[in-house]
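In case you want the letters, here they are:
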Amino acid sequence: MSIVNLQADPRAAPGQRSTPKPLVEGTTLAGVCGVVPPHRYAQAELTKMFADYCLGEDGDIRLLQRLHANAEVRTRHLVRPLERYPELHDFDDCNNTFIEGAIELGAAAVTGALAQSGIRPDEVDLIMSTTVTGVAAPSMEARIAYRVGLRPDVKRVPIFGLGCVAGAAGTARLYDYLLGHPDDVAVLLSVELCSLTVQRNDHSIANLVATGLFGDGAAAVAAVGARRAERTRARGPRVIASRSHLYPDTERTMGWDVGSSGLKIVLDAQVPAVIEKYLGADVRSFLAEHGLRTDDITAWVCHPGGPRVIRAVESVLGLSSQALEMTRRSLAAVGNLSSSSVLHVLRDTLEQRPPEPGTPGLMMAMGPGFCSELVLLEW
């Protein structure tokens with residue numbers, strides 16, 4: 001089914017019932033590129049390395065093996081070769097490695113998204129970058145701007161702290177910007193090098209779960225405003241609307257404790273319970289505002305938070321086991337890439353299972369706050 005957004009006719013006289021008219025505004029996602037580092041390892045190899053790294057010689061690897069098996073991850077990519085992780089002695093080492101890797105992966109992702117969309121780098125008017133796994137000032141997009149050929153007057157919006165939700169939230173913020181600048185081009189860049197945040201000699205369950213779930217990667221989206229899309233006949237899914245929801249009393253559900261050793265993960269076992277409490281009502285009310293139900297959605301682009309999160313999403317929305325297949329495939333192939341993951345799932349959906357044109361889709365992710373972001377798409 002085709003999506004039509006309606007708004008009141010501003011020309012209607014006061015007190016007169018206005019005639020709804022179609023909204024032509026929208027953001028076209030003209031290019032989506034996901035990239036990963038070249039160092040790829042099977043889960044069993046990573047289990048052994050992180051056992052030595054986190055547990056030490058006297059640690060019990062059986063707990064780690066069980067946690068890693070439960071993650072349902074087959075392979076992951078790391079920003080540096082496995083044998084070089086013991087060289088990372090402190091936060092300085094990890095963050096310097098982050099900056100180096102972010103520049104390489106970020107430039108590749110942006111270049112790929114622009115090439116796919118047929119947009120020249122000097123046509124980009126705004127670039128937004130997001131990460132939660134490293135700190136850089138100047139930020140990532142500034143460090144790659146000249147490298148990829150962006151204009152000196154490009155608008156820059158670096159975002160830190162949204163974590164896993166930022167791939168969907170960043171896409172929504174591109175939409176917000178392009179509503180007001182319909183002739184413009186805007187790019188979202190996500191780089192997440194999660195392996196660099198693993199804490200050495202940390203036996204906490206959260207740290208051990210993270211060693212089995214998270215991988216390294218990057219992604220970029222090139223988006224165009226409505227007038228430019230019409231003028232250039234840009235192709236790709238259109239963003240129709242978005243919704244953010246920050247949930248009360250959930251600050252310690254997910255995030256980081258920042259200290260001398262760097263970024264120490266906060267990951268509460270109640271994440272699936274929070275999703276079960278809030279997400280179903282969020283999605284249904286959001287879709288209802290646009291005359292839609294969950295049965296109308298032809299493709300679900302969902303962040304792969306982990307097996308329990310995926311099952312919670314399926315449960316509260318009443319989805320079939322096939323609805324989140326692309327999400328499960330991404331988790332198995334590359335792990336959870338934090339904010340980059342949902343953009344990888346979007347790319348995979350477009351390449352491997354393109355929905356019928358004109359039908360509605362939904363992108364969604366959850367992250368620190370605890371919060372969710374919903375993005376309504378028209379394929």
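Before reading on, note that the structure itself is shown above.
Residues numbered from 1 in each chain as written. Predicted model: local features only at pLDDT ≥ 70, side-chain atom pairs only at ≥ 80, totals over all residues. Heavy atoms only, no water.

### Re the pattern of salt bridges
Then step 1. One pass over the full model with this rule turns up 23 salt bridges.
Then step 2. Across the salt bridge formed by Glu289 and Arg243, the nearest N and O atoms sit 2.4 Å from each other. Taken together, the residues span a long stretch of sequence, with Glu289 in the loop between α8 (271-288) and β13 (299-302) and Arg243 in strand β10 (residues 238-246) at a distance of 46 residues.
Then step 3. Under the relative-accessibility criterion, Arg243 is labelled partly exposed at 21%.
Then step 4. In this structure, Glu325 and Arg353 form a salt bridge, with 2.8 Å as the shortest nitrogen-oxygen distance. Of this pair, Glu325 sits in helix α10 (residues 325-334) while Arg353 sits in the loop between α11 (341-352) and β14 (360-367); the two residues are 28 residues apart in sequence, bridging distant segments of the chain.
Then step 5. Given a relative accessible area of 39%, Arg353 falls into the partly exposed group.
Then step 6. Look at the salt bridges and you will find they share partners, linking Arg120, Asp122, Glu123 and Arg228 into a network. (Salt bridge = Lys/Arg side-chain N within 4 Å of Asp/Glu carboxyl O. Helix = DSSP H or I, 4+ residues; strand = E, 2+ residues; numbered from the N terminus. Buried < 20%, exposed > 50% of the residue type's maximum accessible area, 1.4 Å probe, protein only.)

### Some words on the sheet that holds strand β7 (residues 155-160)
What links the strands of a sheet is backbone hydrogen bonding, and the strands pair in either a parallel or an antiparallel sense.
Then step 1. Strand order in the open sheet formed by nine strands is β7-β6-β8-β9-β3-β10-β15-β14-β13, with mixed pairing between adjacent strands. Of all strands in the sheet, those with a lone pairing partner are β7 and β13, marking the two edges. Strand-to-strand, the axes of this sheet are offset by a mean angle of 20 degrees, without reference to chain direction.
Then step 2. Strand direction decides the pairing type here: strand β3 (residues 27-35) and strand β9 (residues 216-224), joined by seven bridges, are antiparallel. Looking at the pairing, Gly34 lines up with Ala219 of β9.
Then step 3. Where helix α4 (residues 140-148) meets the sheet, it contacts β6 (126-131), β7 and β8 (185-193), and its direction lies at approximately 130 degrees from that of β6.
Then step 4. Running over the sheet, α11 touches β3, β8, β9, β13, β14 and β15 (371-378) and is turned about 105 degrees from β3. (Pairing = 2+ DSSP bridges. Axes fitted to C-alpha atoms, helices over the stretch in contact; angles between N-to-C directions. Contact = heavy atoms within 4.5 Å.)

### A look at the environment of Thr47
Then step 1. Locating Thr47 in the fold gives a position in helix α1 (residues 43-55).
Then step 2. For the pair Thr47 and Leu208, spaced 161 residues apart in sequence, the C-alpha to C-alpha distance is 9.8 Å.
Then step 3. The contacts of Thr47, once residues within four sequence positions are left out, are Ile61, Leu64, Gln65 and His68.

### With respect to the state of the cysteines
Then step 1. Counted by the stated rule, this structure contains zero disulfides.
Then step 2. Its sulfur unpaired, Cys54 is 11 Å from the next cysteine sulfur, which belongs to Cys94.
Then step 3. Considering cysteine sulfurs only, Cys164 is the nearest to Cys302, which forms no disulfide, with 11 Å between them. (Disulfide = S-S within 2.5 Å.)

### Examining the packing of aromatic side chains
Pairs of aromatic rings are described using the distance from one ring centre to the other and the angle between the two planes.
Then step 1. Scanning the entire structure with this criterion turns up three aromatic pairs.
Then step 2. Aromatic pair Tyr247 and Tyr278: ring centres 4.3 Å apart, planes at 10 degrees, arrangement stacked. In this pair, Tyr247 is assigned in the loop between β10 and β11 (254-259) and Tyr278 in helix α8, connecting sequence segments 31 residues apart.
Then step 3. Looking at Tyr247, the relative accessible area reads 3%, which means it is buried.
Then step 4. Relative to Phe370, the ring of Tyr247 has its centre 6.3 Å away and its plane inclined at 35 degrees; by these criteria the two rings are tilted. Linking Tyr247 in the loop between β10 and β11 with Phe370 in the loop between β14 and β15, this pair joins segments that are 123 residues apart in sequence.
Then step 5. Using a relative accessible area of 1% as the deciding quantity, one classes Phe370 as buried. (Phe/Tyr/Trp six-rings, centres within 6.5 Å; stacked < 30°, edge-to-face > 60°.)

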